[in-house]
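Working through the structure, step by step
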Amino acid sequence: MNHCQNSFVPWRFYFVLSVFIPAATHAPAQDIEYAGEIIRTLSSHEYHGRGYVNDGLAVSAAYIVGEFRKHNLQPLFDGYMQHFTMPVNTFPGKVSVSINNRPLEPVSEFIVDPASKGLSGTFPVITIDKNELLQPKLINRKLRMASKKFLLINFRNASGMDEKDRDLALDIIRILKYDPGLKIAGVLELTDEKLSWNVSTVCATRPVVRINAELDTDEINHVKLEVENQFIDHYPVCNLAGLIRGKLIPDSFFIFAAHYDHLGQMGSETYFPGANDNASGVAVILNLADYFSCHIPDYSIILIAFTAEEAGLLGSKFFVENPPIDLKRIKFMINIDLAGNGEKGITIVNGSVFKEQYEKIRQINESCNCLPDIKSRGEACNSDHCYFYRAGVPDFFIYTMGGTQAYHDLNDDFNSLTLSRFTELVKVLIEFSDSF
Ligand SMILES: [Zn+2]
């Protein structure tokens, strides 16, 4: 993947070579094939959803470090790795749920709450309806009935509720799920919202399962579950960072970052591919590594693959709290998360905060006619730029629009991505950073 060698080939010879071996020897820096290879690899089964079961994160880190090496990045940490540990609730073993002997499909029909405790057995079910949640006496009665049983909260058709009532009901649901003082064995929440998974750094005192399946609530009388969890206090994780030293002002930095972690596994059978979120972002930074290792900029470029974004931006927070460089020397940072589509363009979080830079990237885009739209948003602490921004580092968070609606589910796989504007996105990023 190192295209730099081509620049040493005499042009006449180069011409001859390029006639016979067109793509392989002088692929463009924004090599879409390279991006595809990265995303396909990181979202494959062998990478276990880049999470906390089967060493998914460690295997992914090893792959990315290998790519950093190929591009001759200078390590910012020993072996590029900034190590730390974090607490995490994991589901390495059995995860199955049946209602009245009907097994539910993982993720499409049920998810275990990421904070859920494990439990195996068959339990009677007491149902409480969403309207009953607003009546304290009824709740207490149902809680008494549900002692050592499962409480099933029927929260379907909740969108029709008065907004205030709905918010109150959601607060009560939170208490029913997580209050350690309650005597119920577990909680099932019936919803008609699309199910999506997450990562939790805490473990609740009981099992909690969200269900979106065609079930007749009047008929539900028992649940059988086999859920094995393992709470790990100090799970080892690492950020990965490499540098391309600038020609003129090497102690001034432009950062490109993307988180490489995803959700991992919900049980031994079910892994979340996380192709768009965020193998695609890793593909962007590795393409940039490829480009800048051949086109050395005036100032230094830092490429970071963050860990544990999905667990609450833990990797980027740790980086900002333990920076290998003076944060004041960062000219600008771009965080990329969800880069796999783009037929509707991109959105820039902090675009309306850093107006001058937003105007600049917009103009670059207009002159290259690259992306159909660049939308601007205000600040939002919704990805790895957040702690940099809070520390005073000017930054953008860029995500692509259009294409798949898959998010934190099993459909976020390589085949669901269009990558239709990937090359254009990388081009805009290069020109933007070159303009500083
Ligand atoms: Zn993400």
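Structure: see above.
Since the structure is predicted, the reported quantities are computational estimates derived from the model, not experimental observations. (Residues numbered from 1 in each chain as written. Predicted model: local features only at pLDDT ≥ 70, side-chain atom pairs only at ≥ 80, totals over all residues. Heavy atoms only, no water.)

Describing the pattern of salt bridges
Pairing of side chains with opposite charge becomes possible as their charged atoms draw close. Evaluated as defined, the whole model comprises 16 salt bridges. One salt bridge connects R210 with E193, and the closest N-O pair in it is separated by 3.5 Å. Of this pair, R210 sits in strand β9 (residues 208-211) while E193 sits in the loop between β8 (186-190) and β9, placing them 17 residues apart in sequence. A salt bridge links R362 to E366; the nearest nitrogen and oxygen atoms lie 3.3 Å apart. Taken together, the positions of R362 and E366, both in helix α9 (residues 355-368) and 4 residues apart, correspond to about one turn of that helix. Given a relative accessible area of 29%, R362 falls into the partly exposed group. Overlapping salt bridges bring together R166, K177, E189, E193 and R210 as one network. (Salt bridge = Lys/Arg side-chain N within 4 Å of Asp/Glu carboxyl O. Helix = DSSP H or I, 4+ residues; strand = E, 2+ residues; numbered from the N terminus. Buried < 20%, exposed > 50% of the residue type's maximum accessible area, 1.4 Å probe, protein only.)

Points about the sheet that holds strand β10 (residues 222-227)
The mixed open sheet is built from 8 strands, whose spatial order is β4-β3-β10-β6-β7-β8-β9-β5. Looking at the sheet topology across the chains shown, the edges are occupied by β4 (102-103) and β5 (110-112). Bridge analysis of strand β6 (residues 119-129) against strand β7 (residues 150-154) gives 5 bridges, and the strand direction is parallel. Bridging across to β7, I128 finds its partner in I153. Across the sheet, helix α5 (residues 136-145) touches β6 and β7, and the angle it forms with β6 is around 155°. Most of the contacts of helix α6 (residues 163-178) go to β8, to which it runs at about 145°, and overall it touches β7, β8 and β9. (Pairing = 2+ DSSP bridges. Contact = heavy atoms within 4.5 Å. Axes fitted to C-alpha atoms, helices over the stretch in contact; angles between N-to-C directions.)

So, empty space enclosed by the protein
A water-sized probe rolled over the atoms picks out the places where empty space is left. This structure, assessed with the given rule, holds 1 cavity of 30 Å³ or more. Computed from the structure, the largest cavity encloses a volume of approximately 70 Å³. N89, T90, W197, L263 and Q265 are, among the 14 residues lining the largest cavity, the residues nearest its centre. Each of domain 1 (28-88 + 233-434) and domain 2 (95-227) accounts for three or more of the residues forming the lining of the largest cavity. (1 Å grid on protein atoms, 1.4 Å probe; cavity = no way out; pocket = protein on both sides within 12 Å on 5 of 7 lines; lining within 4 Å. Points joined across faces, edges and corners; volume = space filled by probe spheres on them. Domains from an automatic or database assignment.)

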